Amino acid sequence: MSAEPNYSITARDVNLWYGKFQALRNVTTNIKHGLITSLIGPSGCGKTTLLRCFNRVNERYGYVTTTGEIRLLGKNIYDPDVSLIELRKSVGMVFQRPNPLPLSVYENVVFGLRVHAEADALRKSALDEAVEKALTEVNLWHDLKDRLGHKAITLQLEQQQKLCIARLLPLKPEIILMDEPCSALDVEGTAAIEELMFSLKGRYTIVIVTHNMAQARRASDECIFMLLGEMIEHSRTEDLFLTPGNPKTAEYIEGRYG
Amino acid sequence: MNSAAGHVLFVETPAVRRKLRQEALAKWVFCAMAAAMVVPLLLIVGYLVVRAAPSLNLEFLLEVPKRGMTEGGIWPALIGTIYLVFISLAVSAPIGILAAIYLNEYARDNWFNRVINLAVINLAGVPSIVHALFGLGAFVYAAKFGYSIISASLTLAIMTLPVIIASTREALASVPQSFREACWNVGATRWQTIKSVVLPNSISGILTGVILQVSRAAGETAPVMFTGVVFFKSIERGDLFPYYLNEQCMALSMHLYTISTQVPGVKESIPYATAVVLLALVVMVNAAAISLRVYLRSRQKW
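Presented here is a report on the structure given in the accompanying data block.

Procedures and definitions
Residues numbered from 1 in each chain as written. Chains lettered and ligands numbered in written order. Predicted model: local features only at pLDDT ≥ 70, side-chain atom pairs only at ≥ 80, totals over all residues. Heavy atoms only, no water. Helix = DSSP H or I, 4+ residues; strand = E, 2+ residues; numbered from the N terminus. Buried < 20%, exposed > 50% of the residue type's maximum accessible area, 1.4 Å probe, protein only. Contact = heavy atoms within 4.5 Å. Buried area = accessible area lost by both parts, 1.4 Å probe. Salt bridge = Lys/Arg side-chain N within 4 Å of Asp/Glu carboxyl O. Polar contact = N/O pair within 3.5 Å; in protein donor to acceptor, adjacent residues only side chain to side chain. Nonpolar A, V, L, I, M, F, W, Y, C, P; charged D, E, K, R; others polar. Expected span 1.5 Å × (residues − 1). Arc of directions from axis to C-beta. Patch = residues over 30% accessible without salt bridge, like charges linked within 9 Å, V, L, I, M, F, W, Y side chains within 5 Å. Areas by Shrake-Rupley, 256 points an atom, 1.4 Å probe, with all protein chains shown as cover. Pairing = 2+ DSSP bridges. Core = buried A, V, L, I, M, F, W, Y, C linked by side-chain atoms within 4.5 Å. Axes fitted to C-alpha atoms, helices over the stretch in contact; angles between N-to-C directions. Left-handed = near helix turned anticlockwise from the far one by under 90°.

**Some words on the environment of asparagine 122 of chain B**
Residues and elements named next belong to chain B.
Here's step 1: Relative to the helices and strands, asparagine 122 is located in helix α4 (residues 111–125).
Here's step 2: Overall, asparagine 122 belongs to the partly exposed group, its relative accessible area being 49%.
Here's step 3: Linking asparagine 122 and leucine 41, residues 81 residues apart in sequence, is a C-alpha distance of 30 Å.

**Focus on unusual backbone geometry**
Residues and elements named next belong to chain A.
Here's step 1: Of note, asparagine 26 is a non-glycine position whose phi angle comes to about 45°, a positive value.
Here's step 2: Take asparagine 26: it is sitting in strand β2 (residues 21–32).
Here's step 3: Positive phi, normally seen in glycine, also occurs at glutamate 180, with a value near 45°.

**Regarding the interface of chain A and chain B**
Here's step 1: Taken together, the contact pairs 29 residues of chain A with 22 residues of chain B.
Here's step 2: Between chain A and chain B the total buried area reaches about 2,100 Å² when both faces are included, carbon and sulfur atoms providing 59% of it.
Here's step 3: On the chain A side of the contact with chain B, Arg60, Pro102 and Phe111 of chain A bury the most area, a combined 26% of that side's loss.
Here's step 4: One can count zero salt bridges joining chain A with chain B.
Here's step 5: Taken together, the links from chain A to chain B amount to four residue pairs in polar contact (both at pLDDT 80 or more).
Here's step 6: The set of elements that each furnish at least two residues to the side of chain A that touches chain B consists of α2 (84–90), β6 (91–94), α3 (105–116) and α6 (157–168) of chain A.
Here's step 7: A breakdown of the residues in the side of chain A that touches chain B according to their chemical character gives 16 nonpolar, seven polar and six charged.

**Re helix α4 (residues 124–137) of chain A**
Residue and element names in this part refer to chain A.
Here's step 1: Taking 1.5 Å per residue, 14 residues should reach 20 Å; α4 reaches 20 Å between its end C-alpha atoms and fits that length.
Here's step 2: Along α4, the residues that are buried comprise Leu127, Ala130, Val131, Ala134, Leu135 and Glu137. The buried side chains of α4 occupy one side of the element, clustering within an arc of 155° when seen end-on. Facing away from the buried side of α4 by over 90 degrees, the exposed positions are Glu129 and Lys133.

**Some points on a nonpolar patch on the surface**
All names here are of chain B.
Here's step 1: Taken together, Leu41, Ile44, Val45, Val49, Leu56, Leu279 and Val283 make up a surface patch of nonpolar side chains, about 550 Å² in accessible area.
Here's step 2: Sorting the residues of the nonpolar patch by element identifies α1 (14–52) and α11 (269–299) as the ones contributing at least two each.
Here's step 3: In terms of residue count, α1 provides more of the nonpolar patch than any other element does, four residues in total.

**Quick notes on the pairing of strand β4 (residues 64–72) of chain A**
All names here are of chain A.
Here's step 1: Direction of pairing for strand β1 (residues 7–18) relative to β4: antiparallel, over a ladder of eight bridges. Residue leucine 16 lies in a different strand from β4, and its bridge partner there is threonine 66.
Here's step 2: Strand direction decides the pairing type here: β4 and strand β5 (residues 75–76), joined by two bridges, are antiparallel. Note on β5: the bridge partner recorded for leucine 72 is lysine 75.
Here's step 3: The antiparallel pairing of β4 with β5 creates a hairpin that spans two residues between the two strands, and leucine 73 there sits at a positive phi of about 55°.

**A short note on the nonpolar core**
Within soluble globular proteins, side chains that are nonpolar tend to cluster in buried spots.
Here's step 1: Formed by 100 residues in total, the largest nonpolar core has its most connected members in Leu135 and Ile176 of chain A together with Leu84 of chain B.
Here's step 2: The element contributing the most residues to this core is helix α3 (residues 75–106) of chain B, with eleven residues.
Here's step 3: Apart from the residues lying within four places of it in its own chain, the contact partners of leucine 135 of chain A are Val105, Val109, Leu140, Trp141, Leu148, Leu163 and Ala166 of chain A.
Here's step 4: One finds Val14, Ala23, Leu24 and Val57 of chain A within the second-largest nonpolar core, a separate group that totals 30 residues.

**Re the packing of α3 of chain B against helix α8 (residues 190–219) of chain B**
All names here are of chain B.
Here's step 1: Across the interface, α3 lies against α8 with an axial gap of 9 Å and an inter-helix angle of 145°. Helix-helix and strand crossings are classified by hand; for α3 and α8 the assignment is right-handed. Where α3 approaches α8, its residues Thr81, Val85, Ser88, Leu89, Ala93, Ile97, Ile101, Glu105 and Tyr106 are matched on the opposing element by Arg190, Trp191, Ile194, Val198, Leu199, Ile206, Val210, Gln213, Val214, Ala217 and Ala218.
Here's step 2: Within the contact of α3 with α8, the residues separate by chemical class into 15 nonpolar, three polar and two charged.

**Thoughts on the sheet that holds β1 of chain A**
Here's step 1: Read across the open sheet, the four strands follow the order β2-β1-β4-β5 (chain A); overall the sheet is antiparallel. Looking at the sheet topology across the chains shown, the edges are occupied by β2 and β5 of chain A.

And the structure:
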């Protein structure tokens, strides 16, 4: 266990290259347990890349070199003995476009359980329970309890996105990563997802990438500002927006560039 | 409202009329060329059917050739072609599909996989007569299968393999990447991803690609002629299992060649009827492929 028990993620000197292009430069930061931390910055600043480092899904896309260390719960996830399968069980990700699997609502929610357990270890009653619990947590149970057998693809976008969050919950993740989870949604959908984030915080550490500064401001506890692969500033959201410590941050949140 | 010069606004000018005439002409030329494609098809099929009419009946399908192949039916060739097609696809479809899954889902972009890709593309471009010679050397002589159904089927399998790989890869690539990401991000392995999401959503395309190879395998003459198909084989009328796999057999494509050019005095309608049967076989298989695809597509939604 690390010295600071209230940190979910501690990153030290993280550098990342896509081929020859360096996308992250010496990123060092601590993300607190149970809070919502937002990553902001102009396009191409490396915020999505950093997010993807936290469950090492970057490695599925071409040639990626990573140096430095990222500790989750004190364990460096770039250690050679780390199983990506177990890692991703604890660190789930929600994407920009809702991407429910082309299966029923029910099967989407239990997909993670099925992937991680032996087939005969899963009893129907346990699965049913997991579905109800997960859907209740994302406020979908009431709407969908009679439509569990429907194709998830036919739901409204907002419901799809909530379902994508619900899909992570049966695995009891430590951290939920969100990559611009509201950019495909309308105002009401965005509000619903943000409300959901508030209700999930505390139990889960949430890291959210957003290009929407207003969203970062109203929906996050802490805020990390990135520019050209470097972490410029990390502080409480109010402080970052009211009294930015770095002139680059001040100019960005004033809208001088980006 | 009229303009200052007294012209009415927004009406055709001579320049516009000239453009419209060119437009109409262009449209007609393109349409005529497209229609010209249909004409040969209709002529071929119509001509064949008319000339074949006297011989086209169920008896013709089930009967064996008689009197030195100048009369009778085509059963030995028909059943031989079915044998060859089924065995060749039973070999090439699993290999091709599994290879394509590797190439599309697992392979990274390195020299080894580039070599495989190059091999697939080049294999698809090899003329069938070259496949025939390869089959003769590899299966008939080297593997000591002799001139047999098994040699001929394997030769056809090699010939259809690259196309099955290509069509399967295309079907796999059409499955949205976001489905795979969703799986990876709950910790699914690649195989779990393939099994639960990728294959169920690409199976229609994969099967279509495989079935379309039936027509190719059924129509080729050279590869089977060199490796296991003979002029004539004496079997029972309507016998469903007339051949052993280590025997030679007859095939429709070869039979058509034989009775059209090698045997004197064949009843005039028989070669045409044989061609109609071969054509109908191919059309029916393609139709089956299309309806299967439509059916499977209707069940998937995204």
